[in-house]
Amino acid sequence: MRVVLAAVFALVATAAEAAPKPVIAVTWDDLPAHSALPPGVTRVQIAADLLKASADAKAPAFGFINGVHTEQEPASTPVLKMWREAGQPLGNHTWSHPNLAALTPDQFTAEIAGNEPMLKDLMGDEDWRWLRYPFLSEGDTPEKRLAVRQWLAANHYKIASVTMSFDDWAFNEPYARCMAKGDTAAVAALERRFMDGAAAVADRSRAMAKALYGQDIPYVLLMHAGAFDARMAQRLFKLYQDKGFGFTTLAKAQEHPFYRTDIDPSLPPQPTTLPDALKAKGLPVPPNPVDLKALEGFCR
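Below or above, wherever it landed, is the structure these notes cover. Remember, it's a predicted structure, so these values are computed and weren't measured experimentally.

### Regarding the overall build of the protein chain
Counting secondary structure elements, the protein chain contains 13 helices and 7 strands. Compactness check: the protein chain gives a C-alpha radius of gyration of 20 Å against a globular reference of 19 Å for 300 residues, within 12% of the reference. Overall size of the protein chain, expressed as C-alpha extent along the three principal axes, is 75 × 50 × 40 Å. Buried residues in the protein chain amount to 50% of all 300 residues.

### Points about helix 5 (residues 105–123)
Here helix 5 contains 19 residues, and its C-alpha end-to-end distance of 26 Å stays within 8% of the 27 Å for a straight helix at 1.5 Å per residue. Along helix 5, the largest kink reaches about 35 degrees and is centred on Pro 117. Those residues of helix 5 lying buried are Phe 108, Thr 109, Glu 111, Ile 112, Asn 115, Glu 116, Met 118, Leu 119, Leu 122 and Met 123. In this structure, the buried side of helix 5 is in contact with strand 2 (61–65), helix 3 (69–72), helix 4 (78–85), strand 3 (90–92), strand 4 (130–131) and helix 6 (142–154). With its phi angle positive at about 60 degrees, Gly 124 sits one or two positions after the end of helix 5.

### Some points on the pairing of strand 1 (residues 23–31)
With respect to burial, strand 1 is a largely interior element, 8 of its 9 residues being buried. Of the strand pairs in this sheet, strand 1 and strand 7 (residues 246–247) are connected by 2 bridges, and their pairing is parallel. Bridge assignment links Val 23 to a residue of strand 7, and that residue is Gly 246. Note: strand 1 against strand 2, 4 bridges, orientation parallel. Paired with Thr 27 across the bridge in strand 2 is Phe 62. Following the backbone out of strand 1, through helix 2 (residues 43–57) and into the adjacent parallel strand 2, one traces a crossover that is right-handed.

### Looking at empty space enclosed by the protein
Going through the model one piece at a time under the given rule, you end up with 1 cavity of 30 Å³ or more. Lining the largest cavity, in full, are Leu 31, Pro 32, Ala 33, Arg 43, Ile 46, Ala 47, Leu 50, Val 79 and Ala 225. Classifying every residue of the lining of the largest cavity by side-chain character gives 8 nonpolar, no polar and 1 charged.

Conventions we followed
Residues numbered from 1 in each chain as written. Predicted model: local features only at pLDDT ≥ 70, side-chain atom pairs only at ≥ 80, totals over all residues. Heavy atoms only, no water. Helix = DSSP H or I, 4+ residues; strand = E, 2+ residues; numbered from the N terminus. Rg over C-alpha atoms; globule rule 2.2 N^0.38 Å. Buried < 20%, exposed > 50% of the residue type's maximum accessible area, 1.4 Å probe, protein only. Expected span 1.5 Å × (residues − 1). Bend = angle between axes of the 7 residues up to and from the residue. Contact = heavy atoms within 4.5 Å. Pairing = 2+ DSSP bridges. Right-handed = clockwise from strand over helix to strand, strands pointing away. 1 Å grid on protein atoms, 1.4 Å probe; cavity = no way out; pocket = protein on both sides within 12 Å on 5 of 7 lines; lining within 4 Å. Points joined across faces, edges and corners; volume = space filled by probe spheres on them. Nonpolar A, V, L, I, M, F, W, Y, C, P; charged D, E, K, R; others polar.

Printed below as a string of structure tokens:
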């Protein structure tokens, strides 16, 4: 009996070792400047902290730029060179972060083109032709969505998908307010909410992927280059590592078939988020565990 049990345990251990480790591609929107700054914090310091946390965790950090920030906050401009000097890539988040729903396709593609001289200069021969839609919005009509995708395909762009997001952006303004007031208890509460949200959303994304594929897919995590993100980055990466995740590049993550129509925008568009893919198959979507309304009252 002991021999049989030992054999069973060995098989289980072998199967566990053979199971692929879930991986996350970490992407950072709104470079070089996102959201409010707490007293005494600079954009350059935020970038330095994000890049150090990424390097320590061996987590590739794909950054998406809004060129307008270099005009609105000239002191933030060194962030882009810092990102490149750290060996991290940059892609296109449009010039001024407009919502496609409020523009014509021509106006929106002009916004994309506005970033291109800067990206060519920063990226050289490396691949910068990745677009992250502002607000993750592909427009308010199917015709608009298709027109922009046709432009992207003609100009050799790929779309940066999102399959994991816990609305990190919403923590940065409350954090700046709380730091300005010196409310350390409120900051500690924000930290707990941030980490709890990240953990719950990671579990939710995995559950959705397994409902669709029976297993994990490589996940693309949406983050923002804000002050609270920089404060929490080391802890966030450790959370993912403790949950068994590794890290990968955006390009490698999006080799999975789920991302096929974002890698090739000329294809007929399919659902490109996990909730939309579940809805398309008539499968239930787990509730979003992040309560954004609770953040609005912090340090008012």
